[in-house]
2 protein chains.
Amino acid sequence: MMIDFRTHPDVYRHWKLRVDGRVAYLNMAVDPKGGIDSGYELKLNSYDLGVDIELADAVQRLRFEHPEVGAVVIGSSLDRMFCAGANIGMLAAAAHPLKVNFCKFTNETRSAIEDATNKSGQRYVAALRGSAAGGGYELALATDHIMLIDDRNAAVSLPEVSLLGVLPGTGGLTRLTDKRHVRRDRADAFSTLEEGIKGDKALEWRLVDELVPAPSFDETVASRAQELAAKTDRPADAQGVVLTPLDRQIEEDVVRYSLVDVGIDRAERIASITVRGPGDSPPVHGDEAVACGAEFWPLRLARELEDAILHLRVNELEIGTILLRSEGDLGLVLAYDTFLLSQRDHWFIREVLLYWGRLLRRVDLTSRTLIALIEPENCFAGFIAELTLAADRSYMLIGERPQGGGIANLAFTDLNRLGFPMSNGLTRLETRFWGDPGGLSTAQGVIGEKLDAEAALAAGLVTDAMDDLDWNDELRIIIEERSAFSPDALTAMEANLRFPGPETMETKIFGRLTAWQNWVFQRPSASGEAGALRRYGTGIRPEYDPRRV
Amino acid sequence: MMIDFRTHPDVYRHWKLRVDGRVAYLNMAVDPKGGIDSGYELKLNSYDLGVDIELADAVQRLRFEHPEVGAVVIGSSLDRMFCAGANIGMLAAAAHPLKVNFCKFTNETRSAIEDATNKSGQRYVAALRGSAAGGGYELALATDHIMLIDDRNAAVSLPEVSLLGVLPGTGGLTRLTDKRHVRRDRADAFSTLEEGIKGDKALEWRLVDELVPAPSFDETVASRAQELAAKTDRPADAQGVVLTPLDRQIEEDVVRYSLVDVGIDRAERIASITVRGPGDSPPVHGDEAVACGAEFWPLRLARELEDAILHLRVNELEIGTILLRSEGDLGLVLAYDTFLLSQRDHWFIREVLLYWGRLLRRVDLTSRTLIALIEPENCFAGFIAELTLAADRSYMLIGERPQGGGIANLAFTDLNRLGFPMSNGLTRLETRFWGDPGGLSTAQGVIGEKLDAEAALAAGLVTDAMDDLDWNDELRIIIEERSAFSPDALTAMEANLRFPGPETMETKIFGRLTAWQNWVFQRPSASGEAGALRRYGTGIRPEYDPRRV
């Protein structure tokens, strides 16, 4: 089964999107028969990856296609259940890598919701006209304002520990304490209470923001959403940019887009991604970029690259190393980079930059070894060069190829200095030189320069530089060596080394919480034959390894 | 096999401790036949839990018994190998809970080394007169100054990923980037280089602090240690406090010390720890406390409680819940608390307080549900009351027992406000009210008061309060419910909820890095029949699950 991340509101099976002036309504109406795989039914608005792919698409489109929208209400088409969380049958049946990929993607979608709220003036409201359980409540936790119907029945709950022997791993535990500031002993009590908490106590414990009497629920939600929308800095009357369908051709070992090529070598377990620079100069004003629509080069490239990364993540599990290359006119990329920086207050350019930020964080969180190769005719400059900083290693060619054709250059700009915080809150330059202010200052000192390999190496901006004589052999050794290591050990090592320095709620969710969840998912008490995920719904009690680890 | 954490330099099998004025020399000389379990040989200064128990004992004794020591040199009695790291045979044979416990304890020992350096004026030097591999290099990373012999052979290395399919999980990855500020791509290259790095490159990459020519190695180490020792604020001529042997009786379901009792109910999977208050008033000056020696109540209690916790951790794996109780005169505890605060600049009192800090952090990191019970005649006050804040939940009795005997009181002091940072850098009060300045201020407003149950509840300082009518039934339900949950899910949940807010190198090591390592340990590629740990040394290549997770 190949999983496709491309979708469109016209073909959603699980969500209804309606825009009403400044407010968008995104209603969950999961089709029980619409699971991405067979063998389970998506009852009671429970979800699988397919449901979340549509949600992520909606969140993304609202940013670009609806500049006027200042608030988004996530609701449900069911009366007594907002959302029952991740589907247990799906979790029980899924292989470990798929469970992990499912959690990672859903976590990224929830981070995207917070990104919209915090950076793009699109505030999210969760309208719980019924209970929100597990992943359903975790989805609500990603919004800015949780409204719960006050009908003596509707509760919020995290029944994962008590019912399923796993964690609320889509950020639930972290957001309870770090976002909503629920006292840790209350968070403990709540997270072990199968039936959850409702009414005044839910409010007192800060589990929800507002209790709404049933008769006035929809009306109160609408007026609250209007109030929040009124605070937005998004333009009321701008033309949106429609995210037209992505062109993609998949062949046996190639995935081709208009600006991105992916070559796949399954024997060596390597994928090679090449991104291409623009064909012409940038526009002069943000409105002209809007006129380019989804063809605007930085947007088109981001969409294609994101799709390629997601495709490799879930459909090419055995690919261990991704080589990142670029080709194109470095000068034109710099011109685009300058344009983006100069127009960053324009709503559309802001969206493009924030999208690149999310895409780069997806790259950071991709559990494959990333190696950037900087060769002649590359176009790693400015925001495209950020990919070389996201990589685990970067190698640059010294001098020309024997056939000539110029040398490789690399250029960083103010966008690298300002534009793209990682999930640890630092830029990739700051992360690279964490605790080394001298190194950071040297690197920042060459911002704006076209660096050849020796200069980039001297500034600490590439891992190593080699001439043509050594290039192929050395790279082959590095890649072969990497392929010989334990894929698990590499995943865990990279997850640690990529995030030096401070932590944020986001790194805690993707680092600490996710690692614990992955561990739990791997344990017999959760995933074994007699584990809680397998036994759920059978009426037979799960068997637990009683030893505390 | 019962593991005993009590030891003494006279019976060390693996370390030689020598004190020379202001400098102590702690030489690793592992007895290959001295493994704590059978089935493996501790070759080349490789270590198991037994080796680390002795190291932890030495680190602890140097604090109390040698106030004059300002620098500690960790060296090796072998010529070409400082330390080969954790013993692979031991890791391959150990059950998962033992592997995890081994890593946790060794991590705590390394944190204790940094605690001595940062807070107690005892700076550690690693004298690498040969190679330091894996856990051997991680031990060096815990010191303040790493000196490597410059003999063309000696290297530092982290071969875990390349050789063993696991992580350098004793803080190695985190300390590379967050303590030594090694650039992340270099950390990646180093952590996948089986043979490690030596000489000038090790220095340039900040993997070591000093290269020392072989002929002058010992001399240079000694003079560097003298220089560091000269900066200490520890007294040159004070009398040390000898840590006399702990009295402990172990019966079938009771562990008894002089001030601590542990009752064990294996059927219910509960342990009940009771700590006892002092029998008399505190001394007036720190020197009088020194005269009490190891009998000084706060020290004696800490040693007994620490031993009890460690014993439960490794010898009672199936105990899932620990009840924390106290009994004694609350007024006398407050008197001791005031004394400790007033004399905190005295070297011995400083040590006692720092020891309580380490002990409390061990409690935070103990993967069992912790429930504090605050009943009449308890003595939870000041630093002892910190245990109620470390617990996952705390319950307090309202009113008297039917037979009379007074009500329960609880009292917090300035020591709770100032004294005991958790590994996240916050006090337990700040952690409890993370993001809730109003709640913190209310709680701090009652510092110094004797609180009854209603007052403690109103100030948010206990989870709940119940009267005698409900007490037994409600507690039974809470405890039985807990025992029915997946032990793994509880471990993972508690590891997340106990550390809201900011992160430090220490929480990253115990949270993120450890969780990833536990996951890797659980995976077939590491621990399966054909995994790297099992295949190590057989000449047969391990088989890895090629899917990237």
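Since the structure is predicted, the reported quantities are computational estimates derived from the model, not experimental observations. (Residues numbered from 1 in each chain as written. Chains lettered and ligands numbered in written order. Predicted model: local features only at pLDDT ≥ 70, side-chain atom pairs only at ≥ 80, totals over all residues. Heavy atoms only, no water.)

Participant: Account for the overall build of chain A, with residues named and values stated.
Facilitator: A count of helices and strands for chain A gives 23 helices and 22 strands. For chain A, whose C-alpha radius of gyration is 24 Å, the value lies close to the compact-globule estimate of 24 Å for 549 residues. By its C-alpha atoms, chain A is 75 × 60 × 45 Å across when sized along the principal axes. Residue pairs in contact within chain A that sit at least 24 positions apart in sequence constitute 75% of those at least 6 positions apart. If you sum the accessible surface of chain A, you get close to 18500 Å²; carbon and sulfur atoms cover 49% of it. (Helix = DSSP H or I, 4+ residues; strand = E, 2+ residues; numbered from the N terminus. Rg over C-alpha atoms; globule rule 2.2 N^0.38 Å. Contact = heavy atoms within 4.5 Å. Areas by Shrake-Rupley, 256 points an atom, 1.4 Å probe, with all protein chains shown as cover.)

Participant: An account of the sheet that holds strand S12 (residues 210–213) of chain B is needed here, citing residue identities and associated values.
Facilitator: Residue and element names in this part refer to chain B. Judged by pairing direction, the sheet is mixed, and its six strands sit side by side in the order S1-S2-S4-S7-S9-S12 without closing on themselves. Strands at the two margins of the open sheet, each flanked by one partner only, are strand S1 (15–20) and S12. Pairs of neighbouring strands in the sheet enclose a mean axial angle of 20 degrees, with direction left out of account. The sheet contact formed by strand S4 (residues 71–76) and strand S7 (residues 123–128) spans four bridges and is parallel. Along S7, the bridge assignment pairs valine 73 with valine 125. Each of strand S2 (23–28), S4, S7, strand S9 (145–150) and S12 is contacted by helix H9 (residues 217–230), which is oriented at about 165 degrees to S9, the strand it contacts most. (Pairing = 2+ DSSP bridges. Axes fitted to C-alpha atoms, helices over the stretch in contact; angles between N-to-C directions.)

Participant: Report on the relation of the copies chain B and chain A, specifying residues and quantitative values.
Facilitator: Superposing chain B onto chain A takes a rotation of 180 degrees combined with a translation of 0.0 Å along the rotation axis, leaving an RMSD of 0.0 Å. Such a combination of rotation and displacement between the chain copies is what one expects of a two-fold axis. Same-surface contact between copies: 100% of interface residues of chain B are shared with the interface of chain A. (Least-squares fit on C-alpha atoms with pLDDT ≥ 70 in both.)

Participant: Talk me through the nonpolar core; I want residue IDs and the actual numbers.
Facilitator: Residues A:Tyr137, A:Leu207, B:Tyr137 and B:Leu207 are the most contacted members of the largest nonpolar core, which totals 196 residues. Once residues within four sequence positions are removed from consideration, A:Tyr137 is found in contact with A:Ala132, A:Ile146, A:Val156, A:Ser157, A:Leu158, A:Leu176, A:Arg180, A:Phe190 and A:Leu207. (Core = buried A, V, L, I, M, F, W, Y, C linked by side-chain atoms within 4.5 Å. Buried < 20%, exposed > 50% of the residue type's maximum accessible area, 1.4 Å probe, protein only.)

Participant: For the pattern of salt bridges, give the residues involved together with the corresponding values.
Facilitator: This model, assessed by the stated rule, comprises 122 salt bridges over all chains. Taking the shortest distance from any N to any O, the salt bridge between B:Glu210 and B:Arg224 comes out at 2.3 Å. Here B:Glu210 is found in strand S12, whereas its partner B:Arg224 is found in helix H9, with 14 residues between them in sequence. The buried category is assigned to B:Glu210, whose relative accessible area is 13%. Overlapping salt bridges bring together A:Arg63, A:Asp115, A:Lys119, A:Arg234, A:Glu351, A:Arg358, A:Arg361 and A:Glu506 as one network. (Salt bridge = Lys/Arg side-chain N within 4 Å of Asp/Glu carboxyl O.)

Participant: Could you give an account of the interface of chain B and chain A, naming the residues involved and the relevant values?
Facilitator: By a widely used convention, the size of an interface equals the accessible area lost when the partners come together. Taken together, the contacts link 87 residues of chain B with 87 residues of chain A. Where chain B abuts chain A, roughly 8400 Å² becomes buried across the two surfaces, and 56% of that area is made up of carbon and sulfur atoms. Area buried by chain B at its contact with chain A is led by B:Arg184, B:Arg512 and B:Arg548, which between them contribute 13% of it. Between the two partners, chain B and chain A, sit 18 salt bridges. Per element, the largest residue contribution to the side of chain B that touches chain A is twelve residues, and it comes from helix H21 (residues 505–522) of chain B. Across the side of chain B that touches chain A, the residue classes break down as 38 nonpolar, 23 polar and 26 charged. (Buried area = accessible area lost by both parts, 1.4 Å probe. Nonpolar A, V, L, I, M, F, W, Y, C, P; charged D, E, K, R; others polar.)

Participant: Tell me what's going on with helix H11 (residues 297–315) of chain B, and back it up with residues and numbers.
Facilitator: Its 19 residues place the ends of H11(B) 26 Å apart at the C-alpha level, agreeing with the 27 Å of an ideal helix rising 1.5 Å per residue. The element H11(B) is largely enclosed, with a buried count of 18 among its 19 residues. (Expected span 1.5 Å × (residues − 1).)

Participant: Would you mind going over the side chain of B:Thr491 in detail, with residue names and values included?
Facilitator: For B:Thr491, the location among the structural elements is in helix H20 (residues 487–497). Residue class for B:Thr491 comes out buried when judged on its relative accessible area of 3%. In this structure, B:Thr491 is in contact with A:Trp516, A:Trp519, A:Arg548, A:Val549 and B:Ser367, ignoring residues within four places of it in sequence.

Participant: Report on the pairing of strand S4 (residues 71–76) of chain A, specifying residues and quantitative values.
Facilitator: All names here are of chain A. Counting buried positions over the six residues of S4 gives six, a clear majority of the element. Here S4 shows no split at all, with Ala71, Val73 and Gly75 on one side and Val72, Ile74 and Ser76 on the other all buried. Note: strand S2 (residues 23–28) against S4, six bridges, orientation parallel. Across the sheet, alanine 24 pairs through a bridge with valine 72, a residue of S4.

Participant: Lay out the confidence of the model for chain A in plain terms, naming residues and giving numbers.
Facilitator: Looking at chain A as a whole, its pLDDT mean stands at 97, while 100% of the residues score no less than 70. For this predicted complex, the interface score ipTM comes out at 0.95, alongside a pTM of 0.97. (pLDDT = per-residue confidence, 0-100.)

Participant: For the packing of helix H12 (residues 330–342) of chain A against helix H14 (residues 382–390) of chain A, give the residues involved together with the corresponding values.
Facilitator: All names here are of chain A. Axis separation between H12 and H14 bottoms out at 7 Å; the angle between their running directions is 105 degrees. Compared by their axis directions, H12 and H14 come out roughly perpendicular. Contacts between H12 and H14 pair Val333, Leu334, Asp337 and Leu340 from the former with Gly382, Phe383 and Ile384 from the latter. Here the residues of the contact of H12 with H14 sort into five nonpolar, one polar and one charged. (Parallel < 35°, antiparallel > 145°, perpendicular 65-115°, else oblique.)

Participant: Which residues make up a negative patch on the surface, and what values go with them?
Facilitator: Residues and elements named next belong to chain A. A cluster of acidic residues, Asp464, Asp467, Asp470 and Glu474, forms a negative patch on the protein surface. Listing elements by their share of the negative patch, those giving two or more residues are strand S22 (464–467) and helix H19 (468–484). Locating glutamate 474 in the fold gives a position in helix H19. Taking relative accessible area as the criterion, glutamate 474 reaches 35% and is therefore assigned partly exposed. (Patch = residues over 30% accessible without salt bridge, like charges linked within 9 Å, V, L, I, M, F, W, Y side chains within 5 Å. Lys, Arg positive; Asp, Glu negative; His and termini not counted. Charge placed at Lys NZ, Arg CZ, Asp CG, Glu CD.)

Participant: Got a sec to walk through the state of the cysteines? Specific residues and values, please.
Facilitator: Residues and elements named next belong to chain A. Per the counting criterion, the structure on display carries zero disulfides over all chains. The thiol of cysteine 379 is unpaired, and the distance to the nearest cysteine sulfur, on cysteine 292, comes to 18 Å. Residue classification places cysteine 379 among the buried positions, given a relative accessible area of 1%. (Disulfide = S-S within 2.5 Å.)

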